[in-house]
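Here are the chains, one letter per residue:
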Amino acid sequence: MREDHDVPLSTLTTMRVGGPAARLVTVTTTDELVDAVREVDDADEPLLLLSGGSNIVVPDEGFAGTVVHVATSGIEPESADYCGGAVVRVAAGEVWDDVVARAVAEGWAGIEALSGIPGCTGATPIQNVGAYGQDVSQTIAQVRTWDRQEQVVRTFMNDDCGFTYRHSRFKGHSRYVVLDVQFQFEVGDLSRPIAYAALATGLGVPLGTRVPLADAREAVLAQRRARGMVLDDADPDTWSCGSFFTNPVLGRREFDDLVERVGERFGWEGPTPPRFPEGDGRVKTSAAWLIEHAGFGKGFGLPAPAALSTKHTLAVTNRGGASAADVLALARQVRDGVRDAFGVTLVNEPVLLGEQL
């Protein structure tokens, strides 16, 4: 366990904004993680858990309490056979894309479409990380946590995690600290059936086809790079939190209202918003489509220090020298513009400390 003071949190986040942490404690084992959290809780002081820093916007004034930087490690196969699959336990601090790369190399299928996503493993169940037709809820067997309220280790099986689109029982509060995640993968050389049209097109196969795991991973990375969604120190389009807004999930009447407003804006022979039916009768639509058709194109805001990515309208980026206030001002402008144009209020995906949208 290492303790530092007045460390700029901009150096620990992919958005590269944020003031200093009054106290930064870096933990490398699960026991250290529990001990550090208990110490702060016993002292009744503010606590911020930070791992990959890829889904958070830290305010310019920083964080006045203790930041626990989760740097735990371990990818431990617990069983592996063709009948029951591969059961693998992964420490919360493991870099997520390293886990995906290991899974592809080992022939563990089920997370190959989640290649290139920044951040660490402990964050994946919190918002049910997903992309290109997969999400982690499809392979998570259990999540082991530290219950800060009851002061005990508590394990949740998949059915108890409350997984929905970009959500789980762990999101929106700080009661549970994820210690590790147990996955159950298929064992084999082929991917899960390709479930995303653009990915299938890139691979040159029909939807539903299984392809070699390594081919699926490379195709996903190519898709993400084209959208500026693979971290690159040389590319400001990747200095972001990834998708800043989640795709809206609307009731039928809400979606009908959206179609009406789009028709009024562009004419009834004009573009129509994407429609993806959900199992409960609701409809998911595209935040990126709404942003672009509300007048916020790729690169909107340039040459300001905070601008939309030149590759993907969903990413609010730091072009170098942006403050957290700059980032939030742009996000607020986009959110309000979409609401004014279409009556849909976009919801931010990253956690916003301090000032809210």
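1. Quick word on the overall build of the protein chain
Helix and strand counts for the protein chain stand at seven helices and 20 strands. Projected onto the principal axes, the alpha-carbon positions of the protein chain cover approximately 60 × 50 × 40 Å. Considering the protein chain as a whole, with its 357 residues, one finds that 52% of them fall into the buried category. Accessible surface, the protein chain: about 15,500 Å² in total, of which carbon and sulfur atoms supply 49%. Positive and negative side-chain charges in the protein chain, numbering 32 and 49 respectively, have mean positions lying 5 Å apart.

2. Here's the deal with the sheet that holds strand 16 (residues 276-277)
What holds strands together in a sheet is hydrogen bonding between their backbones, with the strands either parallel or antiparallel. The strand order 15-17-16 describes an open sheet built from three strands, whose pairing is antiparallel. Each edge of the open sheet is held by one strand with a lone partner, namely strand 15 (249-250) and strand 16. Where strand 15 meets strand 17 (residues 283-284), two bridges bridge the pair, whose relative direction is antiparallel. Among the inter-strand pairings, Val249 is bridged to a residue of strand 17, identified as Lys284.

3. Structural notes on the layout of surface pockets
A volume near 200 Å³ is recorded for the second largest pocket. Surrounding the second largest pocket, 13 residues form its lining, Thr13, Thr14, Arg16, Leu231 and Asp233 being those nearest its centre. For the lining of the second largest pocket, the per-class residue count stands at three nonpolar, seven polar and three charged.

4. A closer look at the packing of aromatic side chains
Under the counting rule described, the total for this entry stands at eleven aromatic pairs. Measuring from ring centre to ring centre gives 5.9 Å for Trp108 and Phe185, while their planes differ by 5°; the resulting arrangement is stacked. A residue pair is termed long-range when its members are at least 10 positions apart, and Trp108 in strand 9 (residues 108-109) and Phe185 in strand 14 (residues 176-187) qualify at 77 residues. Trp108 sits in the buried class, given a relative accessible area of 5%. Residue classification places Phe185 among the buried positions, given a relative accessible area of 2%. Here Phe156 and Tyr176 contribute two aromatic rings whose centre-to-centre distance is 5.0 Å and whose plane-to-plane angle is 80°, an arrangement assigned as edge-to-face. Here the residue Phe156 occupies a position in strand 13 (residues 152-157), and Tyr176 occupies one in strand 14, the gap between them amounting to 20 residues. In this structure, Phe156 and Tyr176 share a single accessibility class: buried. An aromatic cluster of three or more residues is present, and its members are Trp96, Trp108, Phe183 and Phe185.

5. Some words on the pattern of salt bridges
Taken as a whole and judged by the stated rule, the model has 20 salt bridges. Here Arg148 makes a salt bridge to Asp41, at a shortest N to O gap of 2.6 Å. Of this pair, Arg148 sits in the loop between strand 12 (140-147) and strand 13 while Asp41 sits in helix 1 (residues 30-42), and the two are 107 residues apart along the sequence. We classify Asp41 as partly exposed; its relative accessible area is 22%. The partner of Asp237 in a salt bridge is Arg319, and the shortest N-O contact between them spans 2.7 Å. In this pair, Asp237 sits in the loop between helix 4 (213-226) and strand 15 while Arg319 sits in the loop between strand 19 (316-318) and helix 7 (324-342), placing the two residues 82 residues apart along the sequence. Within this structure, Glu78, Arg89, Arg144 and Asp180 form a network of salt bridges that share partners.

About the cut-offs
Residues numbered from 1 in each chain as written. Predicted model: local features only at pLDDT ≥ 70, side-chain atom pairs only at ≥ 80, totals over all residues. Heavy atoms only, no water. Helix = DSSP H or I, 4+ residues; strand = E, 2+ residues; numbered from the N terminus. Buried < 20%, exposed > 50% of the residue type's maximum accessible area, 1.4 Å probe, protein only. Areas by Shrake-Rupley, 256 points an atom, 1.4 Å probe, with all protein chains shown as cover. Lys, Arg positive; Asp, Glu negative; His and termini not counted. Charge placed at Lys NZ, Arg CZ, Asp CG, Glu CD. Pairing = 2+ DSSP bridges. 1 Å grid on protein atoms, 1.4 Å probe; cavity = no way out; pocket = protein on both sides within 12 Å on 5 of 7 lines; lining within 4 Å. Points joined across faces, edges and corners; volume = space filled by probe spheres on them. Nonpolar A, V, L, I, M, F, W, Y, C, P; charged D, E, K, R; others polar. Phe/Tyr/Trp six-rings, centres within 6.5 Å; stacked < 30°, edge-to-face > 60°. Salt bridge = Lys/Arg side-chain N within 4 Å of Asp/Glu carboxyl O.

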